[in-house]
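# Secondary and tertiary structure notes
Given next are the chains, with one letter for each unit.
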Amino acid sequence: MSHTLGIRQAQKQKTRQAFLDAALALLEEQSLSSLGLREVTRAVGVAPTAFYRHFRSTADLGVALVDEALGSLHPMVRTTVSTAGDSEERIARAIELIARHVDAFPAHVRFIARERHGGVQPVREAIRDQLARFAEEVKAELAKDPQAAGWSDDDLLMLAHLYVDQMLITASLFLETLEASREERERVTQLATRQLRLISVGRRHWLD
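Small disclaimer: the values here were computed from a predicted structure and weren't measured.

What counts, and where the lines are drawn
- Residues numbered from 1 in each chain as written.
- Predicted model: local features only at pLDDT ≥ 70, side-chain atom pairs only at ≥ 80, totals over all residues.
- Heavy atoms only, no water.
- Helix = DSSP H or I, 4+ residues; strand = E, 2+ residues; numbered from the N terminus.
- Expected span 1.5 Å × (residues − 1).
- Buried < 20%, exposed > 50% of the residue type's maximum accessible area, 1.4 Å probe, protein only.
- Contact = heavy atoms within 4.5 Å.
- Axes fitted to C-alpha atoms, helices over the stretch in contact; angles between N-to-C directions.
- Parallel < 35°, antiparallel > 145°, perpendicular 65-115°, else oblique.
- Left-handed = near helix turned anticlockwise from the far one by under 90°.
- Nonpolar A, V, L, I, M, F, W, Y, C, P; charged D, E, K, R; others polar.
- Patch = residues over 30% accessible without salt bridge, like charges linked within 9 Å, V, L, I, M, F, W, Y side chains within 5 Å.
- Areas by Shrake-Rupley, 256 points an atom, 1.4 Å probe, with all protein chains shown as cover.
- Salt bridge = Lys/Arg side-chain N within 4 Å of Asp/Glu carboxyl O.

A few words now on helix α9 (residues 153-175). Look at α9: 33 Å from first C-alpha to last across 23 residues, which is about the 33 Å you get at 1.5 Å a residue. Buried within α9 we find Leu-156, Leu-159, Ala-160, Tyr-163, Val-164, Gln-166, Met-167, Thr-170, Ala-171, Leu-173, Phe-174 and Leu-175. At its buried positions, α9 is contacted by α5 (74-80), α6 (87-104), α7 (106-115), α8 (121-143) and α10 (182-205).

Moving on: the packing of α6 against α10. It is at 10 Å that the axes of α6 and α10 come closest, and there the two elements cross at 135°. Judged by the inter-axis angle, α6 sits oblique to α10. Of the two possible hands of crossing, α6 and α10 adopt the one that is right-handed. Here Ser-87, Glu-88, Arg-90, Ile-91, Ile-95, Ala-99 and Asp-103 of α6 lie close against α10, whose contacting residues are Arg-185, Thr-189, Ala-192, Thr-193, Leu-196, Arg-197, Ser-200, Arg-203 and Arg-204. Broken down by class, the residue content of the contact of α6 with α10 amounts to 5 nonpolar, 4 polar and 7 charged.

Together, Met-158, Trp-206 and Leu-207 line one region of the surface with nonpolar side chains, adding up to about 310 Å² of accessible area. Structurally, Leu-207 can be placed in the segment after α10. Residue Leu-207 is classed as partly exposed on the basis of its relative accessible area of 48%.

Here's what the structure looks like:
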């Protein structure tokens, strides 16, 4: 009996993932607010009623996509602001990690970039909540740095949000150059480096 339940659970998870994959592919060319339930079920090859065994609505599906796109990134985000190495090494490491992630998961990055300010409120809120978690985790990493001595919690959190926002900006820039020349991608790398340097300069002199 337990073996049968295990097979059913595995099949249910497989179908759920098929919905997520199909929706992500469809969202390459449109926003979530314009995505139809029948469009998704047609892509998966199931009846529309099957959708409701996995999600309450397309907004619920969108929230699941947010979890899939951002949920696994917490270790990477902490790594980008790790106290290991000097400022230039940290910046280079952060940009390399972001570029590699965009290359590996462009559809996820595009979905987050589009829906962060999109028309589906539960999805906007899910993205906001994940980004707030990122900021808290970045703040905890920043607090380990000797440069953080004398900083208030509010100022550390403000700095953390700056870093998180800059990571999203950098990811969006790399997303636009996926099929561009090496020279164009290098231009994005140089711009992102300068932007992070500017934040670092302000960080060093904030308590002045």
